[in-house]
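# Structure at a glance
The chain contents come next:
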Amino acid sequence: MQTIYLARHASPDWNRKDIPYHLPPGPPLTPQGRLEAAALGAFLRTANIRTIASSPLERCHHTARIVGDTLSLSVAIDDTLTEWQPDESSGALGRRMWRIFRDTWEATVDQGHQAALLLTHGGPIMELLRRLGMSDKVIEQHRVYDHRNPVPPAGVWQVSRGHDHTSWELSLVFVPQVA
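Keep in mind that what you see is a predicted model, and the values were worked out from it rather than measured.

Here we come to the nonpolar core. The biggest cluster of nonpolar side chains holds 22 residues, and the ones touching the most others in it are Tyr5, Leu40, Leu44, Ile49 and Leu117. With 5 residues, helix H2 (residues 58-71) is the largest single contributor of residues to this core. For Tyr5, the residues in contact, after removing those within four places along its chain, are Leu44, Ala47, Ile49, Ala115, Ala116, Leu117, Leu118, Val156, Trp157 and Gln158. Counting residues in hydrophobic clusters, the runner-up holds 21 residues, among them Ala53, Leu81, Leu93 and Leu118.

See below:
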């Protein structure tokens, strides 16, 4: 069964106000974030992932490198996965994320792979979940993490085809538990 994992970056240094949050490089990971990224890699070890694509922002790219090292995979940087931009509408963000999701899904199927990982940010994941059919009510129930994100730092949503092959099955499958 083909699956795409949507992972959020691990915890960045929220205190770095001297670096724009939405532009590269953005704030780096904290030591806690590096532990979360390692836990994410360990979780994904049995997921049969064959490709990893990451936002260019340091917090995502560093998370992806840690996961890639764990899985012995290289990481492709894709600007499409970048943070929600201040002048970008939710509709435009949803369309941007849908394009990379669709292209990744098709490439995964075409190459006969079982899974791919898209490493991005909370807002882009939220808008993609909406595009994949998750209701606003359900999204709102998941917005319990920092900055009202629907996924915690280094958390993962799993996306696969429903049994009817027309709908998407969406599950929050990983929330890191690190001290």
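A few words on the pairing of strand S1 (residues 3-8). Burial analysis of S1 places 6 of its 6 residues in the buried class, the great majority of the element. Strand direction decides the pairing type here: S1 and strand S4 (residues 115-120), joined by 6 bridges, are parallel. Note on S4: the bridge partner recorded for Ile4 is Ala116. As defined by bridge partners, S1 adjoins strand S5 (residues 156-161) across 5 bridges and the pair is classed as antiparallel. Counterpart to Ala7 in the pairing with S5 is Val156.

Another aspect to go through is the sheet that holds strand S3 (residues 76-77). Read across the sheet, 6 strands follow the order S3-S2-S4-S1-S5-S6 without closing on themselves; strand pairing throughout is mixed. Every other strand in the sheet has two partners, leaving S3 and strand S6 (168-174) as the edge strands with one partner each. Packed onto the sheet, helix H3 (residues 90-110) meets S1, S4, S5 and S6 and runs at close to 160° relative to S4. The strands touched by helix H4 (residues 122-131) within the sheet are S1, S4, S5 and S6, with S1 carrying the most contacts at an inclination of about 145°.

Residues apart from glycine generally show negative phi values, whereas peptide bonds are mostly found in trans. The omega torsion of the bond from Pro24 to Pro25 falls at 5°, within 30 degrees of zero and hence cis. The phi dihedral of Arg148 is positive, around 60°, even though this residue is not glycine. Among the structural elements, Arg148 can be located in the loop between helix H5 (136-142) and S5. Arg148 gets classed as partly exposed once you look at its relative accessible area, which sits at 41%.

Calculation rules
Per chain, residue numbering runs from 1 following the sequence as it is written. Residues qualify for local features only when their pLDDT is at least 70, as the model is predicted, and side-chain atom pairs are given and counted only at 80 or more; totals for whole chains, interfaces and linings, by contrast, use all residues. Based on all heavy atoms of the structure, the side-chain values leave hydrogens and waters out of the count. Think of a nonpolar core as a cluster: buried Ala, Val, Leu, Ile, Met, Phe, Trp, Tyr and Cys residues, connected wherever their side-chain atoms sit within 4.5 Å. Classification of residues uses two cut-offs on accessible area relative to the type maximum, computed with a 1.4 Å probe and protein chains only: under 20% is buried, over 50% is exposed, and between them is partly exposed. Every helix listed is a DSSP run of H or I at least four residues long, and every strand listed is a run of E at least two residues long, numbered separately from the N terminus. Contacts are assigned to residue pairs with any non-hydrogen atoms lying within 4.5 Å of each other. Paired strands, in this sense, are two strands between which DSSP finds at least two bridges. Only the stretch in contact is used when a helix axis is fitted, and all axes are lines through C-alpha atoms; the angle between N-to-C directions ranges over 0 to 180 degrees.

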